[in-house]
Amino acid sequence: MLSISGSREELAAWLATEDEGRIQALLSAALSQKTALLGDSVHLRGLIELSNICNKNCLYCGIRSGNARVERYDLTDEQVLEAAGFAQKARYGSLVIQSGERRSGAFTRRITALVREIKRRTNNKLGITLSCGEQPLEVYREWFEAGAHRYLLRIESSNPDVYARLHPQDGSHGYEARLEALYRLKEAGYQTGTGVMIGLPHQTEYDLADDLLFFKHFDADMVGMGPYLEHADTPFYALRDSLWPQAKRLQMTLKMIALLRLMMKDINIAATTALQVLDAYGREKAVLAGANIIMPNMTLSAVRHNYQIYNNKPGIHDDAELSKTHLEQNLDRMGIRIGWDEWGDSQHFGSRKTKNPD
Ligand code: SAH
Ligand code: SF4
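Bear in mind that the values here come from a model prediction, so they are computed numbers and not experimental data.

Let us now look at helix α13 (residues 320-333). Under the 1.5 Å per step criterion, the end-to-end length of α13 is 20 Å for 14 residues, consistent within 8% with the ideal 20 Å. Along its buried surface, α13 packs onto β1 (41-51), α3 (77-89), α11 (282-287), β9 (293-294), α12 (301-304) and β10 (337-338). Positive backbone phi, approximately 70 degrees, marks glycine 335, located one or two places after α13.

Here it is as structure tokens:
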């Protein structure tokens, strides 16, 4: 089997190659690796986009606080609980609650209550992942104790200079603060997921090689990487002519997934929704390049169009049922099996905890 030493030069060379034969060999080595250790099914996490209200103003994101053209929403508790009920009925095994970042006692208490109530109503059957931005340790701990056991917080770019160019320099978007939040998540006990966007303005193949090395060094349990996609109502839209073409962003993402799978054999790697914008089978191609997690959208169709972090987000008119049908059809067509009703936890987390008990 093809093996990766994981040096920066080697990773950058893989990312730069356009040799179709070599790329195919890389993707299929990653698929064999995943199948050998983790089996041939993907695990699902039904996605609830709780709210597009965000106190941050990231320069790339369509729901940034400075975008006055977005109609802001907050799902009601009943709507969230209904979506959780759907996840259980659909046998997804887990759900993700994602939201714009808000730091307030009211927001914290609301998430705590929702997590508890979902656990209660589903008899502890559904795994819960949160993705609600940077929070203090006490908040991460409170949500963990309520029953959430995985958390996603992308580093976005592991290069502090690129990071600085992605965010306003207003004192609340610092690289170090993001990194510290990631360590707090581990401290609170979560299976910790991070990730980056691929094809960002100012980003090179060497930056992406460094991102892979960052995941290894941070010892991530889960990684979600997706292509950067333009949003017309963001400052970054002005840079659109400097971006890699979309086909290259797609291919780079597949290569990043495959390289990461060969470097970190037992982590969970998500096939992200953004891939579906570039290719109707983007997520399935990511699974065939070594990813093992998919997050079908369960957000109410009435508000989906307001959670556009990038333009042309797929399925914005679909409801949860239709998203499920489309995904099942696609996976079936590509011969990919689903691990119904299973949490699909990161195996890496299990061995990390055995090696380094708190
Ligand atoms: N507010 C939370 C979670 C919601 S945003 C947070 O930022 O962590 C979730 C992810 O969407 C971000 O981490 C970012 O990587 C991704 N994202 C935002 N804008 C994007 C864009 N224009 N293209 C691709 N991904 C984007
Ligand atoms: Fe808010 Fe997250 Fe978008 Fe940044 S990426 S503006 S934190 S929703």
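Back to the write-up after that little detour.
Before going further, it helps to spend a moment on the site of ligand 2. As a structural note, the neighbourhood of ligand 2 is formed by Cys54, Lys56, Cys58, Tyr60, Cys61, Ile63, Arg64 and Gly100. Here the shell around ligand 2 is composed, by residue class, of five nonpolar, one polar and two charged.

Let us now look at the pattern of salt bridges. Taken as a whole and judged by the stated rule, the model has 24 salt bridges. The partner of aspartate 77 in a salt bridge is arginine 110, and the shortest N-O contact between them spans 2.8 Å. You can see aspartate 77 sitting in helix α3 and its partner arginine 110 sitting in helix α4 (residues 105-121), a full 33 residues away along the chain. Notably, a salt bridge pairs arginine 121 with glutamate 117, separated by 2.9 Å at the nearest N-O pair. Note that arginine 121 and glutamate 117 are positioned in helix α4 at a spacing of four residues, about one turn of the helix. Where salt bridges share partners, they join Lys56, Glu101, Arg103, Glu134, Glu156 and Arg178 into one cluster.

Taken together, 18 residues lie around ligand 1, and Tyr60, Arg154, Glu156, Arg178 and Leu229 are the ones closest in. Side-chain polar atom of glutamate 156 to an oxygen atom of ligand 1: 2.6 Å apart, as the coordinates give it. Interatomic distance of 2.7 Å between a backbone N/O atom of leucine 229 and a nitrogen atom of ligand 1. Calculation on ligand 1 without its partners gives an accessible area of 540 Å², and the protein chains cover 92% of this total. Considered class by class, the residues forming the shell around ligand 1 number ten nonpolar, four polar and four charged.

It is worth spelling out the pairing of strand β5 (residues 191-194) at this point. Neither face of β5 is open: one carries Gln191 and Gly193, the other Thr192 and Thr194, and all of them are buried. Note: strand β4 (residues 150-152) against β5, three bridges, orientation parallel. Note on β5: the bridge partner recorded for leucine 152 is glycine 193. Of the strand pairs in this sheet, β5 and strand β7 (residues 222-227) are connected by two bridges, and their pairing is parallel. Within β7, the position partnered with glycine 193 by the bridge is methionine 222.

With that out of the way, let us pick up the environment of glycine 171. Assignment of secondary structure puts glycine 171 in the loop between α6 (160-166) and α7 (175-188). Between the C-alpha atoms of glycine 171 and glutamate 134, which are 37 residues apart in sequence, the distance is 14 Å.

Cut-offs applied
- Residues numbered from 1 in each chain as written.
- Chains lettered and ligands numbered in written order.
- Predicted model: local features only at pLDDT ≥ 70, side-chain atom pairs only at ≥ 80, totals over all residues.
- Heavy atoms only, no water.
- Helix = DSSP H or I, 4+ residues; strand = E, 2+ residues; numbered from the N terminus.
- Expected span 1.5 Å × (residues − 1).
- Contact = heavy atoms within 4.5 Å.
- Near = heavy atom within 4 Å.
- Nonpolar A, V, L, I, M, F, W, Y, C, P; charged D, E, K, R; others polar.
- Salt bridge = Lys/Arg side-chain N within 4 Å of Asp/Glu carboxyl O.
- Polar contact = N/O pair within 3.5 Å; in protein donor to acceptor, adjacent residues only side chain to side chain.
- Areas by Shrake-Rupley, 256 points an atom, 1.4 Å probe, with all protein chains shown as cover.
- Buried < 20%, exposed > 50% of the residue type's maximum accessible area, 1.4 Å probe, protein only.
- Pairing = 2+ DSSP bridges.

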